[in-house]
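# Commentary on secondary and tertiary structure
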Amino acid sequence: MIIGSAKIIIHVPWVHSLKEKRMTVKSLCAKVSNKFNVSIAEVENQDMHQSIGLGIACVATDSRIADSMIDTILNFIESNTEGEIMHVEREIL
């Protein structure tokens, strides 16, 4: 069993309140979770309006599959939000 995880920081300049941010995060997390069957949650920058810190975890049988799944999720996030991915940390265990 291989566990893949990633921490993603997204800059969202159009967000001006925590309520707007919360709606954006909730929508994005639901889309990713439903499409890829992975665990995803906001794990960082919860009090900052224009920065979203997401944590993603997946389980696979091979490290290449876990890495590919994270790549696919990053591409999906990039295409489904107007925000810019600023930083990504990956770990395959």
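Heads up: these notes are all about the structure in this document.

### Quick look at the side chain of Thr-24
- The residue Thr-24 is located in helix α1 (residues 18-36) in this model.
- On the accessibility criterion, Thr-24 (19% relative accessible area) is buried.
- With residues near it in sequence (within four places) discarded, Thr-24 still touches Trp-14, Val-15 and Ile-52.

### Observations concerning a nonpolar patch on the surface
- A contiguous nonpolar patch, built from Met-1, Ile-3, Val-59 and Leu-93 and spanning about 450 Å² of accessible area, is present on the exposed surface.
- Counting through the fold element by element, Leu-93 comes out in the segment after β4 (84-92).

### Some thoughts on the pairing of strand β1 (residues 2-11)
- Pairing geometry for β1 and strand β3 (residues 51-60), over 10 bridges, is antiparallel. Residue pairing in the sheet places Ala-6 in a bridge with Ile-56 of β3.
- Note: β1 against β4, 8 bridges, orientation antiparallel. Counted as the bridge partner of Ile-9 is His-87 from β4.

### Things to note about the packing of aromatic side chains
- Summed over all chains, the structure comprises 1 aromatic pair.
- Ring centres of Phe-36 and Phe-76 lie 5.3 Å apart, and the angle between their planes is 80°; this geometry places the pair in the edge-to-face category. Of the two residues, Phe-36 sits in helix α1 while Phe-76 sits in helix α2 (residues 63-79), which places them 40 residues apart along the sequence.
- The aromatic ring of Phe-36 is capped on one face by Lys-35, whose charged end is 5.9 Å from the ring centroid.

### Some thoughts on the nonpolar core
- Of all hydrophobic cores here, the largest spans 25 residues; its most connected members are Ile-10, Val-32, Leu-54 and Ile-77.
- Of all the secondary-structure elements, those providing two or more residues to this core are β1, α1, β3 and α2.
- Of all the elements, α2 adds the most residues to this core, at 6 residues.
- Once residues within four sequence positions are removed from consideration, Val-32 is found in contact with Asn-37, Val-38, Ile-40, Ile-73, Phe-76 and Ile-77.

### A short note on the pairing of β3
- β3 sits mainly inside the fold: 8 of its 10 residues count as buried.
- One ladder, built from 5 bridges, connects strand β2 (residues 39-44) with β3; its direction is antiparallel. When the bridges of β3 are listed, Ala-41 appears paired with Gly-55.
- The antiparallel hairpin formed by β2 and β3 contains 6 residues in its connecting segment, where Asn-45 sits at a positive phi of about 55°.

So, how was this worked out
Residues numbered from 1 in each chain as written. Predicted model: local features only at pLDDT ≥ 70, side-chain atom pairs only at ≥ 80, totals over all residues. Heavy atoms only, no water. Helix = DSSP H or I, 4+ residues; strand = E, 2+ residues; numbered from the N terminus. Buried < 20%, exposed > 50% of the residue type's maximum accessible area, 1.4 Å probe, protein only. Contact = heavy atoms within 4.5 Å. Patch = residues over 30% accessible without salt bridge, like charges linked within 9 Å, V, L, I, M, F, W, Y side chains within 5 Å. Areas by Shrake-Rupley, 256 points an atom, 1.4 Å probe, with all protein chains shown as cover. Salt bridge = Lys/Arg side-chain N within 4 Å of Asp/Glu carboxyl O. Pairing = 2+ DSSP bridges. Phe/Tyr/Trp six-rings, centres within 6.5 Å; stacked < 30°, edge-to-face > 60°. Lys NZ or Arg CZ within 6 Å of the ring centre and 35° of its normal. Core = buried A, V, L, I, M, F, W, Y, C linked by side-chain atoms within 4.5 Å.

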